[in-house]
Amino acid sequence: AASVVQSATVAVALFASGFALLVYWPARWLLPGVVPADFLAEARALLPFTLISLVLLMVGLTLAGALEGCQLFVRRAVVGVAGSLALLFGSMLLVPGRGVVGIGIAQVLQGIVVAALAWLLTRREFAIRRILPMRLQLADLRRIWSFGLGKIVGQLSDRFTPQFCTWFTPFGMKIQSE
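This write-up is about the structure you can find in this document. The structure presented is a predicted model; accordingly, all values stated were derived computationally and were not measured.

## So, the packing of helix α2 (residues 40-69) against helix α3 (residues 73-98)
Each packed pair of helices is defined by two parameters, the angle between the axes and the distance between the axes. Taken N-terminus to C-terminus, the directions of α2 and α3 make an angle of 155°; their axes are 7 Å apart at the nearest point. In terms of orientation, α2 lies roughly antiparallel with respect to α3. Note that α2 runs across α3; the crossing there is left-handed. Contacts from Ala64, Gly65, Leu67 and Glu68 of α2 reach α3 at Phe73, Arg75, Arg76 and Val79.

## Some thoughts on a nonpolar patch on the surface
Nonpolar side chains collect at one region of the surface, where Val81, Leu85, Leu88, Phe89 and Met92 lie side by side and expose about 480 Å² of accessible area between them. Along the chain, the position of Val81 falls in helix α3.

## As for the nonpolar core
Ranked by internal contacts, the top residues of the largest apolar core, which has 14 residues, are Val5, Leu63, Leu67, Val79 and Phe126. Counting residues per element, the ones that place at least two in this core are α2 and α4 (100-126). Sequence-distant contacts of Val5, defined by excluding residues within four places in its chain, comprise Leu63, Ala66, Thr122 and Phe126. Residues Ala20, Leu31, Ala43 and Leu51 belong to the second largest nonpolar core, which totals 10 residues.

Rules used in this analysis
Residues numbered from 1 in each chain as written. Predicted model: local features only at pLDDT ≥ 70, side-chain atom pairs only at ≥ 80, totals over all residues. Heavy atoms only, no water. Axes fitted to C-alpha atoms, helices over the stretch in contact; angles between N-to-C directions. Helix = DSSP H or I, 4+ residues; strand = E, 2+ residues; numbered from the N terminus. Parallel < 35°, antiparallel > 145°, perpendicular 65-115°, else oblique. Left-handed = near helix turned anticlockwise from the far one by under 90°. Contact = heavy atoms within 4.5 Å. Patch = residues over 30% accessible without salt bridge, like charges linked within 9 Å, V, L, I, M, F, W, Y side chains within 5 Å. Areas by Shrake-Rupley, 256 points an atom, 1.4 Å probe, with all protein chains shown as cover. Salt bridge = Lys/Arg side-chain N within 4 Å of Asp/Glu carboxyl O. Core = buried A, V, L, I, M, F, W, Y, C linked by side-chain atoms within 4.5 Å. Buried < 20%, exposed > 50% of the residue type's maximum accessible area, 1.4 Å probe, protein only.

Shown next, in the form of structure tokens:
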């Protein structure tokens, strides 16, 4: 299980970082189309903080999901509450002096708190000795992918089987829902 947690965390960190890097310049270019000119400088200053907090929160929530998977709901809740408190107090301290950018910095602080606390709790639960998750096993990622894909297909078939039955009955096909 420790290997799966580390592989998922490293994969999410790589994916989220790549996504943030790919989105930065197009988002910066599109900002003038969606943000009034008076606020454009603030929006551009806020963008890097928003993307950094996105990466940190994706990593932190991946680790928090590992805690939830072990039915450690209280620990997962502690991670969420600690992150919310970090955002609240960070905003209270930073917004008066830095304006909207203070919110961005507070979001990064929230992401750091969520990722660090979730990692500490996950390390303890899975007896992981590494200071940071470094292990990336393709076999673990295939297992995660196939499990997730199976869940998605199961959910879709549960939701759409009645429609499929209705659609195909006029053509003589008999599909029975379980």
